[in-house]
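# Architecture and fold: a report
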Amino acid sequence: RRLAQLESRDAELARLNAELERLDRELAEAGRQLTVARRAVIPRLTRAVMEHLADLGFAQSRFEATLTAAPLGPTGSDALEFMFAPNPGEPPRSLRAIASSGEMARVMLALKTVLAAEDEIPVLVFDEVDANVGGETAFAVGEKMRQIAQQRQVFCVTHLAPVAAAADAHYRVSKEVLHGRTFTRMERLEPQDRVAELARMLGGPGKAARRHARALLESRASAGRRAGA
């Protein structure tokens with residue numbers, strides 16, 4: 001048997017090479033089909049993301065997704081690059097190269113809003129997503145995260161009351177010094193504490209701030225009920 005294997009090794013090598021060539025052709029065709037599918041969906045992705053970006057304060061921005069050829073691998077034969085121009089009159093450039101942390105967070109928020117029902121990421125954490133925003137944009141940021149939270153678990157670190165009010169639960173993070181050491185404390189807030197904390201974020205413990213905080217929570221709760229319906 002050993003002699004037969006040695007004598008037929010050329011034929012076995014030819015068989016293995018032919019099998020490798022067949023698999024290479026199948027892989028290349030699978031990669032080609034994946035590229036075609038990606039090019040077909042990119043315009044829809046771009047339009048959807050730009051609609052959400054307009055809500056998030058980028059009304060005149062441009063967002064693009066570009067594909068370039070790459071060595072064939074587990075994800076196909078494409079390299080995907082997100083291009084972004086936050087201001088009119090500027091050409092889109094690589095998002096990872098030009099975006100500030102706040103811009104990056106809001107672009108990712110728009111992307112995740114579009115892809116919430118498609119991707120397989122179970123938990124999303126947003127930090128500084130409200131950087132350099134306020135007014136109506138802050139409400140839009142909270143609303144986008146509330147929409148994503150219908151599909152995924154969302155954690156958000158925020159200092160804006162309109163963003164925080166969209167959450168189903170609130171946790172207050174604070175620091176304290178005990179015996180010369182600093183400790184971080186996290187506590188889940190009860191309903192009455194949520195009002196007090198939102199009022200503090202709005203500027204103070206006065207009655208006007210508390211009324212505003214209560215109105216924010218009630219408006220977000222009614223929005224959630226409409227979405228659930």
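Here is a short report on the structure shown in this document. (Residues numbered from 1 in each chain as written. Predicted model: local features only at pLDDT ≥ 70, side-chain atom pairs only at ≥ 80, totals over all residues. Heavy atoms only, no water.)

Regarding its fold elements, the chain presents 8 helices and 7 strands. For a compact globule of 229 residues, the expected C-alpha radius of gyration is about 17 Å, and the chain comes in at 26 Å, more than 25% above that figure. By principal-axis analysis of the C-alpha atoms, the chain measures approximately 95 × 55 × 40 Å. For the chain, with 229 residues in total, the buried portion stands at 33%. (Helix = DSSP H or I, 4+ residues; strand = E, 2+ residues; numbered from the N terminus. Rg over C-alpha atoms; globule rule 2.2 N^0.38 Å. Buried < 20%, exposed > 50% of the residue type's maximum accessible area, 1.4 Å probe, protein only.)

Our focus in this paragraph is the sheet that holds strand β2 (residues 76–85). If you trace the 3 strands from one edge of the open sheet to the other, you get β1-β2-β3, paired in antiparallel fashion. Strands at the two margins of the open sheet, each flanked by one partner only, are β1 (62–73) and β3 (93–94). Relative to β3, β2 is paired through 2 bridges, and the arrangement is antiparallel. Residue pairing for β3: M83 is matched across the bridge by S94. Helix α2 (residues 9–55) rests against β1 and β2 of the sheet, and its axis sits at about 165 degrees to β1. (Pairing = 2+ DSSP bridges. Contact = heavy atoms within 4.5 Å. Axes fitted to C-alpha atoms, helices over the stretch in contact; angles between N-to-C directions.)

This paragraph deals with the layout of surface pockets. Over the atoms rolls a probe the size of a water molecule, and in doing so it shows where empty space is left. The volume enclosed by the largest pocket comes to roughly 1,200 Å³. Lining the largest pocket are 37 residues, and of these C156, A164, A167, A169 and H170 lie nearest its centre. Among the secondary structure elements, those contributing two or more residues to the lining of the largest pocket are α5 (135–148), β5 (153–157), α6 (161–164), β6 (171–178), β7 (181–188), α7 (191–202) and α8 (207–228). Classifying every residue of the lining of the largest pocket gives 21 nonpolar, 7 polar and 9 charged. Counted as a void, the second largest pocket has a volume near 380 Å³. R38, V41, L45, L80 and L115 are, among the 14 residues lining the second largest pocket, the residues nearest its centre. Where the lining of the second largest pocket is concerned, the elements lending two or more residues are α2, β1, β2 and α4 (101–115). Among the elements that line the lining of the second largest pocket, the one with the most residues is α2, at 5 residues. Looking at the lining of the second largest pocket residue by residue, the class counts come to 10 nonpolar, no polar and 4 charged. (1 Å grid on protein atoms, 1.4 Å probe; cavity = no way out; pocket = protein on both sides within 12 Å on 5 of 7 lines; lining within 4 Å. Points joined across faces, edges and corners; volume = space filled by probe spheres on them. Nonpolar A, V, L, I, M, F, W, Y, C, P; charged D, E, K, R; others polar.)

Now for α4. Relative to the 21 Å expected for 15 residues at 1.5 Å per residue, α4 spans 21 Å between its end C-alpha atoms, a close match to the ideal helical length. Within α4, burial applies to G102, E103, A105, R106, V107, L109, A110, L111, K112 and T113. If you follow the buried residues of α4, they end up packed against α2, β1, β2, α3 (95–98), β4 (123–127) and α5. (Expected span 1.5 Å × (residues − 1).)

Bringing the pairing of β7 into the picture now. Among the 8 residues of β7, 0 are classified as buried, and the element is accordingly described as predominantly exposed. Sheet analysis places β6 next to β7, joined by 8 bridges and oriented antiparallel. Residue R172 lies in a different strand from β7, and its bridge partner there is E187. Taking the residues that link successive antiparallel strands as the turn, the β6-β7 hairpin has 2 residues, and the phi of H179 there is positive, at about 55 degrees.

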